Amino acid sequence: MAKVKYYYDSENLAYTKIKTRKRIKIGYALLFLVASALFGFLVFVLLINTPYFETPKDRLQAREIENLKLQYSILNKKLDEIDAAADALEERDNNIYRVYFNKAEIPDSIRKAGFRNSERYKVLEGYNNSQLVLNTTKRVDKLSKELAIQSRSLDEILKLAGAKESLLLAIPAIQPVQNENLKRVASGFGYRIDPFTKVRKMHNGMDFTANTGAPVYATGDGVVARADNTASGFGNHVVIRHGFGYESLYAHLSKYNCRPGQHVKRGDVIGYVGSTGRSEGPHCHYEVHKDGKVVNPLNFYYGNISAAEYVAISQMANQENQSLD
């Protein structure tokens, strides 16, 4: 039974019964219901986010996530080790293997290049651990690309190693004129005085002076590419393609002893000293080209001269005198 409440009426000097309006009662009831619902919702949210009330499925998923994080951490440590090993292999490849076989090194701009497709990793974004997965995936892809480049390089080196004997025979490794026929090395590789214009200009080969008719020898195995007098200034000249990027040129010959397309070996007589073309006297102008660029022939005379002879020829060749052509 509800309690009856009264209030003291000072005008009538009597206690009067308090009557609660029905509308107010309904308002109190609604307020109670709203407060109860709000309190229940807050209790529900707290229960959902409290670890003490995790379901077995929640605990299993949490363990799986932590295990995946651990696995990614271990994978990244292994990637660090593989990166270090790959860097060491690249260092040996550039500075030992490729140098040994006269191949240009592969620059880091090619070896370390990433992937330019910005959409490649979009599918990995938007998750709680996206950054961990994204960084690891990028590392794996980058390393895979580096190893693919290294594999191709080693295939190239392996092919060159299999052809090492042919490479050694192809390198222009002897003088084109033998010492017994040689009067002197009139001019070497570098800037020299032109005998006709008296202007200092680049001399792309070496001049070996000898009597007209002295034999001129192929300095390495190869195929005769030219034996004619159509090139300006060279007169009668021979060009031999040795392979592996090497070519040699023999100019101002008095006559030929070979023909285009002929296979020659190191030491074969391919022509004879003369003074044809733009020449000041009987000599053989000799050039060596590697990968389309002219190089100093002096760097290749290890096939038929001693160390003392090399020093003597080097001293004569390095004198900045007047060339014969």
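Computed from a predicted model, the values in this text were never measured in an experiment. (Residues numbered from 1 in each chain as written. Predicted model: local features only at pLDDT ≥ 70, side-chain atom pairs only at ≥ 80, totals over all residues. Heavy atoms only, no water.)

Draft legend 1. Broad picture of the overall build of the chain. What the chain contains, in helices and strands, is six helices and 14 strands. In the chain, once contacts between residues fewer than 6 apart in sequence are set aside, the share between residues at least 24 apart is 65%. (Helix = DSSP H or I, 4+ residues; strand = E, 2+ residues; numbered from the N terminus. Contact = heavy atoms within 4.5 Å.)

Draft legend 2. Broad picture of the confidence of the model for the chain. Looking at the chain as a whole, the pLDDT averages 77, with 68% of positions reaching at least 70. Mean pLDDT across the elements of the chain ranges from a minimum in helix H6 (residues 307–317), with 58, to a maximum in strand E11 (residues 263–264), with 96. (pLDDT = per-residue confidence, 0-100.)

Draft legend 3. Molecular detail of a nonpolar patch on the surface. A contiguous nonpolar surface patch, about 440 Å² in accessible area, is contributed by Ile26, Leu30, Phe32 and Leu33. Note that Ile26 resides in helix H1 (residues 22–48). (Patch = residues over 30% accessible without salt bridge, like charges linked within 9 Å, V, L, I, M, F, W, Y side chains within 5 Å. Areas by Shrake-Rupley, 256 points an atom, 1.4 Å probe, with all protein chains shown as cover. Salt bridge = Lys/Arg side-chain N within 4 Å of Asp/Glu carboxyl O.)

Draft legend 4. Broad picture of the environment of Ile171. Tracing the chain through its elements places Ile171 in the loop between helix H5 (164–170) and strand E3 (184–187). Taking the C-alpha atoms as reference, Ile171 lies 9.2 Å from Arg266; in sequence the two are 95 residues apart.

Draft legend 5. Quick look at the nonpolar core. Val238, Ile240, Tyr250 and Ile270 are the most contacted members of the largest nonpolar core, which totals 30 residues. The set of elements that each furnish at least two residues to this core consists of helix H4 (130–162), strand E6 (206–209), strand E8 (222–228), strand E9 (236–243), strand E10 (246–256), strand E12 (269–273) and strand E13 (283–290). When residues of this core are sorted by domain, at least three fall in each of domain 2 (72–170) and domain 3 (179–318). In contact with Ile240, not counting residues within four places along its chain, are Ala218, Gly222, Val223, Val224, Ala225, Tyr246, Glu247, Ser248, Tyr250, Val264 and Ile270. (Core = buried A, V, L, I, M, F, W, Y, C linked by side-chain atoms within 4.5 Å. Buried < 20%, exposed > 50% of the residue type's maximum accessible area, 1.4 Å probe, protein only. Domains from an automatic or database assignment.)

Draft legend 6. Up close: the packing of aromatic side chains. Tallied over the entire structure, the rule returns two aromatic pairs. Ring centres of Tyr250 and Tyr286 lie 5.3 Å apart, and the angle between their planes is 40°; on these two criteria the pair is classed as tilted. Placement of the pair is Tyr250 in strand E10 and Tyr286 in strand E13, with a sequence separation of 36 residues. Judged by its relative accessible area of 0%, Tyr286 falls in the buried class. Members of the aromatic cluster, connected to one another through ring pairs, are Phe208, Tyr250 and Tyr286. Looking at Lys255, its charged tip hangs above the ring of Tyr272, at a distance of 5.3 Å from the centre. The ring of Tyr246 has Lys290 sitting right over it, with the charged end atom 5.1 Å from the ring centre. (Phe/Tyr/Trp six-rings, centres within 6.5 Å; stacked < 30°, edge-to-face > 60°. Lys NZ or Arg CZ within 6 Å of the ring centre and 35° of its normal.)

Draft legend 7. The arrangement of the pattern of salt bridges in detail. The final tally for this structure, using the stated rule, is five salt bridges. Where Asp80 meets Arg139, a salt bridge forms, and the shortest distance between an N and an O atom there is 2.7 Å. Of the two residues, Asp80 is situated in helix H2 (residues 56–100) and Arg139 in helix H4; the sequence distance between them amounts to 59 residues. The class for Arg139 is partly exposed, based on a relative accessible area of 24%. The residue Arg226 makes a salt bridge to Asp228 at a minimum N-O spacing of 3.1 Å.

Draft legend 8. The arrangement of unusual backbone geometry in detail. At Phe244, a residue that is not glycine, the phi angle is positive and equals roughly 60°. Examined against the element boundaries, Phe244 turns out to sit in the loop between E9 and E10. One non-glycine residue, His252, adopts positive backbone phi at about 70°. By the element assignment, His252 lies in strand E10.

Draft legend 9. Representation of the side chain of His252 within the structure. Among the residues examined, His252 registers a relative accessible area of 1% and is labelled buried. A distance of 2.7 Å separates the side chain of His252 from the backbone oxygen of Thr276, its partner in a polar contact. (Polar contact = N/O pair within 3.5 Å; in protein donor to acceptor, adjacent residues only side chain to side chain.)

Draft legend 10. Up close: the pairing of E9. In terms of burial, E9 is largely enclosed, as six of its eight residues are buried. Looking at chain direction, E9 and E10 are connected through six bridges and run antiparallel. The partner of Gly243 across the bridge, within E10, is Tyr246. Joining the antiparallel neighbours E9 and E10 is a turn of two residues, in which Phe244 adopts a positive phi near 60°. (Pairing = 2+ DSSP bridges.)

Draft legend 11. Seen up close, the pairing of E6. Across the two faces of E6 the burial is the same, with Met206 and Phe208 and Asp207 and Thr209 all buried. As defined by bridge partners, E6 adjoins E13 across four bridges and the pair is classed as antiparallel. Counterpart to Asp207 in the pairing with E13 is His285.

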